[in-house]
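Here is what each chain is made of, one letter per residue.
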Amino acid sequence: MTTQQGIARVPRHVAIIMDGNGRWAKKRMWNRLRGHREGAESVDIVTEAARMAGVEYLTLYAFSTENWNRPADEVSGLWDLLGDFLEKKKAKLLNNRIRLHFIGHMEHLPEKTREKAFRVKRETEENGWDMTLTLALSYGSRDELAYALRTVAEKVKSGSLRTEEINETLISEHLFTAGLPDPDLIIRTSGEVRVSNFLLWQSAYAEYYFTEVLWPDFREKEFLDALRSYAGRTRRFGKTDEQLKD
Ligand code: IPE
Ligand code: IPE
Ligand code: MG
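What you are looking at is a predicted structure, and each value in this text was computed from that prediction instead of being measured.

Around ligand 1, the surrounding shell consists of Met18, Asp19, Gly20, Asn21, Gly22, Arg23, Arg32, His36, Ala62, Asn67, Arg70 and Leu78. Here arginine 23 contributes a backbone N or O atom positioned 2.8 Å from an oxygen atom of ligand 1. Here ligand 1, which alone exposes 380 Å², has 87% of that area covered by the protein. When contributions to the shell around ligand 1 are tallied by element, the ones reaching two or more residues are α1 (21-27) and α2 (32-53). Considering each element in turn, the shell around ligand 1 owes the most residues, 3 residues, to α1.

So, about the sheet that holds strand β4 (residues 131-139). Read from one edge of the open sheet, 6 strands run β3-β4-β2-β1-β5-β6, paired in parallel fashion. Looking at strand neighbours, the two that pair on one side only are β3 (98-103) and β6 (207-210), the edges of this open sheet. With strand direction ignored, the average angle separating the axes of adjacent strands in the sheet is 20°. For strand β1 (residues 13-17) and strand β2 (residues 57-64), the ladder comprises 5 bridges, and the chain directions are parallel. Counted as the bridge partner of valine 14 is leucine 58 from β2.

Among the structural elements, threonine 47 can be located in helix α2. Contact partners of threonine 47, with chain neighbours within four places excluded, come to Leu58, Leu60, Ile98, Met131 and Leu133.

Moving on: the packing of helix α3 (residues 72-95) against helix α4 (residues 111-127). Where α3 meets α4, the axes come as close as 9 Å, and the angle between the chain directions of the two elements is 15°. Relative to α4, the element α3 lies roughly parallel. Two packed elements cross with a definite hand, and for α3 against α4 that hand is left-handed. Each of Trp79, Leu82, Gly83, Leu86, Glu87, Lys90, Leu93 and Leu94 in α3 lies in contact with α4, whose residues at this interface are Thr113, Lys116, Ala117, Val120, Glu123, Thr124 and Asn127. Within the contact of α3 with α4, the residues separate by chemical class into 7 nonpolar, 4 polar and 4 charged.

Below, the discussion takes up α2. With 22 residues, α2 should reach 32 Å at 1.5 Å per residue; the first-to-last C-alpha distance of 31 Å fits that figure. Of the residues making up α2, those classed as buried are Gly35, His36, Gly39, Ala40, Ser42, Val43, Asp44, Val46, Thr47, Ala49, Ala50 and Ala53. Its side-chain oxygen 2.6 Å from the backbone nitrogen of leucine 33, asparagine 31 forms the N-cap of α2. Two residues or fewer after α2 comes glycine 54, characterised by a positive phi angle close to 95°.

The rules we used
Residues numbered from 1 in each chain as written. Chains lettered and ligands numbered in written order. Predicted model: local features only at pLDDT ≥ 70, side-chain atom pairs only at ≥ 80, totals over all residues. Heavy atoms only, no water. Near = heavy atom within 4 Å. Polar contact = N/O pair within 3.5 Å; in protein donor to acceptor, adjacent residues only side chain to side chain. Areas by Shrake-Rupley, 256 points an atom, 1.4 Å probe, with all protein chains shown as cover. Helix = DSSP H or I, 4+ residues; strand = E, 2+ residues; numbered from the N terminus. Pairing = 2+ DSSP bridges. Axes fitted to C-alpha atoms, helices over the stretch in contact; angles between N-to-C directions. Contact = heavy atoms within 4.5 Å. Parallel < 35°, antiparallel > 145°, perpendicular 65-115°, else oblique. Left-handed = near helix turned anticlockwise from the far one by under 90°. Nonpolar A, V, L, I, M, F, W, Y, C, P; charged D, E, K, R; others polar. Expected span 1.5 Å × (residues − 1). Buried < 20%, exposed > 50% of the residue type's maximum accessible area, 1.4 Å probe, protein only.

Following this line, the structure appears as structure tokens:
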């Protein structure tokens, strides 16, 4: 079955490392925040394109644990932008039956932004959903794994868990992404070819797609190009081509 856009096989879960906002602004001699603002438009457009294509889970890396080291005015500008964005796009999320979800240390966000984020999340949950939009905020994969390990160790210590019960499923259940399927496709924009501490455990068998396009220029066409690339790949999961035909 192909989608309206002519895509043969749509990934169930797409995750994106949205990169290049700063360079997009710099090229125009603008402030970095203008790049982030234009990047927010791409978030809106790509979310809609994903919904139309039938993607069930879209996860966007919006702020890493390392991004706290940026200049304070950029950091606060990003949180303000997120608050405004959620306010502006709430109705659209509800109309399109998109549930908002978060991974990362939400407790580190400024209180005002966090409250707004959780309010919109709750409303979208109550509304019902066909797609889940997950924003990774103050997220770092190593931090997530350390946190999971600590929780599991506490459970063993208190006697509620036996070490023999620790397996891959149990580890997945202790990550921020518990309840979300592993990503099928991970896109990174802006020409950087690295993962920058994103979904290290969850991406074990993800397909990667790297593009030179800067995030503010990454719109519907660019997203569909990535989906087409994915549709043309063979995922073997360790098997041979012959086995896949059976
Ligand atoms: C991605 O764009 C957005 C965030 C990491 C918040 P950048 O801000 O990293 O843009 P570049 O990499 O400096 O161009
Ligand atoms: C990765 O982008 C983090 C997000 C997209 C939120 P960065 O721009 O922070 O990544 P590095 O530091 O260049 O690897
Ligand atoms: Mg960057």
